[in-house]
There are 4 protein chains.
Amino acid sequence: MNLPGEFYLSVGGSLETTNQSMEIRCPYDGRLVGRAPVAGIQHVNQALQAAEEIFPVFSEWPLHRRASLLEKTALLLENEEHIFAGLIALEAAKPYPLALTEVRRAILGLRTAAAECLRPPAEWMRLDWNTVGENMEGILHRFPRGIVLAISPFNFPLNLAVHKIAPALAVGCPVIAKPASVTPLTLLHFGRLMVKAGWPPGTFSILNMPSSLAEQCAGDPRVAVISFTGSELVGWQLKEKFPRKKVILELGGNAGAFISSSADVEEALRSCLPAAFNYCGQVCIHLQRLFVAREHFPKVADAFVEYASRLTPTPPDHPDCSYSCMISESEAIRVETWVQEALTEGAIALTPLRRQGPVLSPVVLTKVRKGQKVMDEEAFGPVVCLEPVESFCEGLHRLNDTRFGLQAALFTNNLNEMNTFFRKVRAGNLLINRAPGFRVDPMPYGGIKQSGWGLEGIRYAMRSYTEERFCIKPFQ
Amino acid sequence: MNLPGEFYLSVGGSLETTNQSMEIRCPYDGRLVGRAPVAGIQHVNQALQAAEEIFPVFSEWPLHRRASLLEKTALLLENEEHIFAGLIALEAAKPYPLALTEVRRAILGLRTAAAECLRPPAEWMRLDWNTVGENMEGILHRFPRGIVLAISPFNFPLNLAVHKIAPALAVGCPVIAKPASVTPLTLLHFGRLMVKAGWPPGTFSILNMPSSLAEQCAGDPRVAVISFTGSELVGWQLKEKFPRKKVILELGGNAGAFISSSADVEEALRSCLPAAFNYCGQVCIHLQRLFVAREHFPKVADAFVEYASRLTPTPPDHPDCSYSCMISESEAIRVETWVQEALTEGAIALTPLRRQGPVLSPVVLTKVRKGQKVMDEEAFGPVVCLEPVESFCEGLHRLNDTRFGLQAALFTNNLNEMNTFFRKVRAGNLLINRAPGFRVDPMPYGGIKQSGWGLEGIRYAMRSYTEERFCIKPFQ
Amino acid sequence: MNLPGEFYLSVGGSLETTNQSMEIRCPYDGRLVGRAPVAGIQHVNQALQAAEEIFPVFSEWPLHRRASLLEKTALLLENEEHIFAGLIALEAAKPYPLALTEVRRAILGLRTAAAECLRPPAEWMRLDWNTVGENMEGILHRFPRGIVLAISPFNFPLNLAVHKIAPALAVGCPVIAKPASVTPLTLLHFGRLMVKAGWPPGTFSILNMPSSLAEQCAGDPRVAVISFTGSELVGWQLKEKFPRKKVILELGGNAGAFISSSADVEEALRSCLPAAFNYCGQVCIHLQRLFVAREHFPKVADAFVEYASRLTPTPPDHPDCSYSCMISESEAIRVETWVQEALTEGAIALTPLRRQGPVLSPVVLTKVRKGQKVMDEEAFGPVVCLEPVESFCEGLHRLNDTRFGLQAALFTNNLNEMNTFFRKVRAGNLLINRAPGFRVDPMPYGGIKQSGWGLEGIRYAMRSYTEERFCIKPFQ
Amino acid sequence: MNLPGEFYLSVGGSLETTNQSMEIRCPYDGRLVGRAPVAGIQHVNQALQAAEEIFPVFSEWPLHRRASLLEKTALLLENEEHIFAGLIALEAAKPYPLALTEVRRAILGLRTAAAECLRPPAEWMRLDWNTVGENMEGILHRFPRGIVLAISPFNFPLNLAVHKIAPALAVGCPVIAKPASVTPLTLLHFGRLMVKAGWPPGTFSILNMPSSLAEQCAGDPRVAVISFTGSELVGWQLKEKFPRKKVILELGGNAGAFISSSADVEEALRSCLPAAFNYCGQVCIHLQRLFVAREHFPKVADAFVEYASRLTPTPPDHPDCSYSCMISESEAIRVETWVQEALTEGAIALTPLRRQGPVLSPVVLTKVRKGQKVMDEEAFGPVVCLEPVESFCEGLHRLNDTRFGLQAALFTNNLNEMNTFFRKVRAGNLLINRAPGFRVDPMPYGGIKQSGWGLEGIRYAMRSYTEERFCIKPFQ
């Protein structure tokens, strides 16, 4: 793999280096991946000013121009997919095959944005519902709100940023993207590719900046939209702080699944096993809670133990890597501590709990109770709680018994069970016969309850970034 | 007119009187209209508990049942339209013909909700955009969020409450409505009619309660949605206080219109003259700022002066009343003071400024400048600022030069001007050849900028009161 | 029941008697129900001329006016529902409870049309997909095509006519309706109600006329749309004859259902038993072919035999009538003959085959083979073929093995079976866990293969009666 | 330009030569462009059989697979755009720049199909509008109808075929395309590119065959859809002959435009001048009738004469060619004759009428009357009738006074005129401030009146090639 040697901020379209920079090292083995320049207030101001200048022009571009640039960006990314996958693998310690998948999902996102861009939605209606409205009609159009601040997390350094950047550009909003501090390189390199694609100055900036500076930027009156993917706490604080701005929050969860007695257990396992441990569970829709009809429990538990035992940590950039380490030792310690707390209080580990630095072995727990962090909080680690249930009702109840609501899944072959699940379980995504973790990028995606606010998924993010104005005119 | 002799709270479906009550008197002449019982914390709790109990059942009612009750409510209201119009006229000092119009709009709103109820929106999509999504499909459904707290203002005591109650019931959300403290009788009487229609206990409550209690209710975890129509200040405070709830704000504005040189001036006047002074300008989309192409200015000014001179205050319940008084003397004094401030600073009144108690004569001003309250703030009184402009550009610029964004209008017969207006002016409703104040109730309605958050208009309020869940299943 | 004493043609809005008339007698006992005037060419011409004159005006009416008249028509029909049900019961020999249901369905159809009327569909799009389309946008609007000729069958004398009349009026098409010659009274009486509702001259005509005259009318250049419900042969001939007109055909079928081994048999029987014999099977989606997983066959056969044995013919206007006679003796003989043919060739009757005049007892057959009329053709009588099948595949295959494609049903509780059925079976309506015969009037309804052309169901008929014009304009 | 040396039939995916072939020569100078193999009945049968075999599989492909192949086809075409443009220029005598535009439009069409493919439409509805429908819901899905026979005309040898091929493949219908006999080479070469893209055997065939054979193919029971672009006569005959098949007709017209007195004449001319003479008027939406407000007539007439005088015929493959010859001498003679007839009867030619072989100079006529072929019939040649009109009403009336209804245009800057035009003029496409000839390929396109049946434009053709089935299931 031929990784880029240098990384730049994209500031209103120009690539810049800075005095200040950070070393980014691979969490697995400490290898230096690159040096990331760090943006200061002057870069933020420069980015905001360029964005503000281009906005009135950019928002009125012919649609084919925005579509072509999105297409071109997708094409350039396709040409460099291995470079991007390599960067992700190294800086995020993400197994290479998953990193490559991430890049391909970002390509699909860009292509989807190119297509959606040409089909802005609008609702037309006649107004002659009474005499007042005679001879009048209206169209509800959507107009870009203005500058989007896109804050993305470490676990999908490219794709979760593209989920904000692509729809923003598709509707004509300039965007300022802030990568996670621990994994900034991928997105910085993507900025270079954006410049190469020909996005004009001001349409985008990519600023590796401290959170405090991002928050200052969020408060700038020129920023209209804050799209944040990250922790529950920070997310809701942002929403509280900026009540007059559009804030979209994609926060965490403790996604659950329920294998009902009517399910095809083999099929369920094919989907659930990787969902629990992929990328060490550092995925907001990682399968953390698995409820299993009592009759299937032994088989499921055995399968998990066996699967976990086969996950051997390897360097993330190895082409066949299927399991590596967590993003940092401190994160691994946090998860380890949560697990130990549960064990102390009566939970049982079906797998040995082993940690070496940031490498945490996969943990299969059972007899975990509500009130314990590995059950109630977002674990964001390679931990899954397997719990037998006695009835369909109990299964649904336990799925629902959480303050989160991102994804929930039911394995069943029964029509009635499917219908009941859809009507009674409260989560942004409800899945039949696929484990949490399932996401096709153009689909609507977002949490309810404490898991978030507003939808992503290219078309849906485009809605969030635009405001509705109802245009009324005579038609006769 | 045969007005009801007694008024009751509707508390979770039962009609109740209270120890505490308020005298409601007609602002015009102090006549007693009725005594309004005042709700206390126990009523709020009772309402919340009943609502919470019915919610799981009500939200799963067959649609035809909700539709029938909405239809029936409309029919009952139609039968009593003169009683309701009389109540509105007296307690809100609204000219009787306008009060009757308000009742009919509420009837249309209920009928629209009955129809919309049967057509819940949903978006279906296939998910096989890549190999991950093969054989999968999803539907984005909307589910009722829970209890809606509906806070409505004094100026449309019936219709602005129905704009919240009808869509809530249409989607299966129980609703607790709080009328304005100065005009509670109409809505309290509507509660009686709802009981008669057969809405079961818990589906709705109508509580005349102090603002502090309403705010306490808003904070109750059982309340999922706060729909507020009222003042800018209070509205945004609510949104800030409850960042994790769905808050819809319909706030004020200083709506403007621009008569361009290509306009048909006669047509423009037909629409603008009443828009400036209807109900003493106590309408959130009252025409407050009128920009006129220089060449048309003299004609327009003359017409306004002449029209204003013909508006003679009469008791609001007179069947031909076209102009009455403001909601209170203090409000009349506030507007008078604002006008005087502007006059002191150089504005010119084209009509005599006269006030007697709550009766304020219509005021036509010119040479008002930005920075003066009658231009910048929401006047909510019978005041209009007429200002000549020198070019189409200037007209658009001045329309836009406000922190509000509820309605804006352009009078033109020119296609290019229309298009430019639609693209450049930022308001929730953009009108061609109709003055601000135009509203057909089923249409999308809501302010942008500081004028509000979210849309009303039956179908659009229904969207706000529901949350999206994406239901994913195999299709093969 | 107080039936009307006289019947009139509605000719361009005026009620007319004629020299020529027909006696309409109840098929069950020969009672005289009324005398139906018969229209001649002069009535057709008068109707066409009035329709042509009103069309340009009617098509541009404000929508609320059309909606109100539709609402009012529904209300009037509601007030007379027992009169209409009585008429239907007598002239069509339809059991009174079913006749009343038909009237209520017609009321729902009118109400649905009133609501749909206000929401004409339109698709807006920007055209700047390339440089040619820069600054251009378009809306695809629907305009009424012109006069609709509505030809309806005997079995639903009111509702199947309303399915054409209501949508025609909703979109602004004048309509000329021809009832079936054997059951014209109900629709003629409906014409009187339309006049009472206030539909202006020309908007509708109801002409009891011979088929040859109807065909002549169909060929008149002023007729734009032919909407026909009736026999396969006549329908396709019409379509062939008028290739430049819009022709909608709702023809027959031999609807089938399949009770798979995973089904809830009790639930399936609750739905299938009446579906086979309701109104002596004189329903285009009558359950004619029932395939049953071998294991459930004995239970199903027993239930059918038992159910059939309890159906005792009574006069149709008896309030509790559940089974009466066929529309005519000749029809009863036709069905009897078809059954006998099958028996001769090896089929087995599980019930005694009895006929007395037009009264034919319910017939449950088995071992019927393809090639026999009761299997292959539309029986339109109280006959059901019960056939055991050995596998899910076989069941689907036999459902599909017909030249018709109106409705097909699967009883299952299995998700995969449902999906396979939806993808592999070809019929206009595909039903899970409801027998053929299921129809909610606003839903899309129409046959494919040889069963028809185009959709009905209020909204869908409205689409058929309108043509699309794409209106393109600059937007900048 | 490097044109291909050999051409093949694509027969069910394999490239084949035949014994029989035709020489294709450039109409301008008789140069040999290539030899086109001619298909016989055996090729048709082979194509049909392959199509029938692949259909069940192809129709159930994951969508991303169809989308990728469409994308890939677009990319390959982009790479060969000059080869295709050269072929079109030579075989169709189309000026090279227009030929290149055609290729780029075909690329856009393929890309649009790739995007649309992933978004099949469906309408979901709840069915609990009455007690019958409780707990039931339905989705109206679209399923591919089967094999599409695509017959395209000579004037857009590539793009009008792609308008049928791309949507067919996008929805999963195998397609058999027949190019025009005089210009088959482009499409035959496109078949080679399709093979290269990887479309599997049976999904498409491209058969250069005589019309009689195409008609025989149309009648084959395996063909479900006939999509025909060509002459009025042949089109309607096809529809008449196959009443049980889906037939889409894109026929001719005598498109008109009207420059009203409020119009910007310069802008109108910029659009109208090329629209009259582009590709010698051999475009179905060629501007044939131009009505001009009397006051603008002299200016418009002068501009046309001047413009026509500058059009010098050159070889079509010259990179700057702006005018060449007609498709054949006989066609040029036909147009010449029509013009002469009109002149004989009083029309006046503002330009000299000159013909040399297939080269016909541009003809500007005036004082042409209704009844004369150049006014009433589809001229399909470089002829425009300029007629002054006295009022807006007259202009609209004359636009409408034709049996055709493909495109009509109004030049105006007046809002009321625009609205009246949209409501009163009857054509499939109604244009404001753009001349007929305007087409952005993804937009809905199709004639009404005698100009056609059904819509094209990728998404709209996809609708035509699919049938609706309403899938009903319980939801509780």
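Residues numbered from 1 in each chain as written. Chains lettered and ligands numbered in written order. Predicted model: local features only at pLDDT ≥ 70, side-chain atom pairs only at ≥ 80, totals over all residues. Heavy atoms only, no water.

(A) Looking closely at the relation of the copies chain A and chain B. When chain A is fitted to chain B, the residual RMSD is 0.0 Å, and the transformation amounts to a turn of 180° plus an axial shift of 0.0 Å. Here the two chains are linked by the operation of a two-fold rotation axis. Ranked by how close their C-alpha atoms come to the rotation axis, the residues of chain A are headed by E240 of chain A, at 3.0 Å. A share of 100% of interface residues in chain A that are also interface residues in chain B marks the association as one of identical surfaces. (Least-squares fit on C-alpha atoms with pLDDT ≥ 70 in both. Contact = heavy atoms within 4.5 Å.)

(B) Geometry of unusual backbone geometry. Residue and element names in this part refer to chain B. Its identity is not glycine, yet A93 carries a phi of approximately 55°, on the positive side. Turning to its location among the elements, A93 is positioned in the loop between α3 (81-92) and α4 (96-117). Judged by relative accessible area, A93 falls into the buried class, the value being 1%. In this model, N433 sits at a positive phi of 60°, which is unusual for a non-glycine residue. Residue position: N433 is located in the loop between β21 (429-432) and β22 (448-449). Relative accessible area serves as the criterion here: at 3%, N433 is assigned to the buried category. (Helix = DSSP H or I, 4+ residues; strand = E, 2+ residues; numbered from the N terminus. Buried < 20%, exposed > 50% of the residue type's maximum accessible area, 1.4 Å probe, protein only.)

(C) Spotlight on the packing of helix α4 (residues 96-117) of chain D against helix α5 (residues 159-171) of chain D. All names here are of chain D. Relative to each other, α4 and α5 sit at 15°, their axes nearing to 9 Å. Considering their axes alone, α4 and α5 lie roughly parallel with respect to each other. In this structure, α4 meets α5 at a crossing whose hand is right-handed. Between α4, through E102, R105, A106, G109, L110, A113 and C117, and α5, the contact on the second element is made entirely by N159, V162, A166 and A170. Its residues placed into classes, the contact of α4 with α5 shows 7 nonpolar, 2 polar and 2 charged. (Axes fitted to C-alpha atoms, helices over the stretch in contact; angles between N-to-C directions. Parallel < 35°, antiparallel > 145°, perpendicular 65-115°, else oblique. Left-handed = near helix turned anticlockwise from the far one by under 90°. Nonpolar A, V, L, I, M, F, W, Y, C, P; charged D, E, K, R; others polar.)

(D) Fine view of the pattern of salt bridges. Enumeration over the complete set of coordinates arrives at 136 salt bridges over all chains. One salt bridge in this structure joins D220 of chain C and R222 of chain C, with 2.9 Å as the shortest N-O distance. For D220 of chain C, a relative accessible area of 15% corresponds to the buried category. We note a salt bridge from E467 of chain D to R469 of chain D, for which the minimum N-O separation is 3.1 Å. Within the structure, one salt-bridge network assembled from shared partners comprises E23, R25 and R35 of chain A. (Salt bridge = Lys/Arg side-chain N within 4 Å of Asp/Glu carboxyl O.)

(E) How the structure looks around the relation of the copies chain C and chain A. Overlay of chain C on chain A (RMSD 0.0 Å): rotation 180°, translation along the axis 0.0 Å. Interface overlap between copies: 100% of the residues of chain C at the interface are likewise at the interface in chain A, consistent with a symmetric, same-surface contact.

(F) Spotlight on the sheet that holds strand β12 (residues 256-259) of chain C. The mixed open sheet is built from 10 strands, whose spatial order is β14(C)-β17(C)-β18(C)-β13(C)-β12(C)-β20(C)-β21(C)-β24(D)-β6(D)-β5(D). Each end of this open sheet is capped by a strand with a single partner; those strands are β14 (348-349) of chain C together with β5 (123-126) of chain D. Sheet analysis places strand β17 (residues 363-366) of chain C next to strand β18 (residues 383-389) of chain C, joined by 4 bridges and oriented parallel. What sits directly across from T366 of chain C, in β18 of chain C, is L386 of chain C. (Pairing = 2+ DSSP bridges.)

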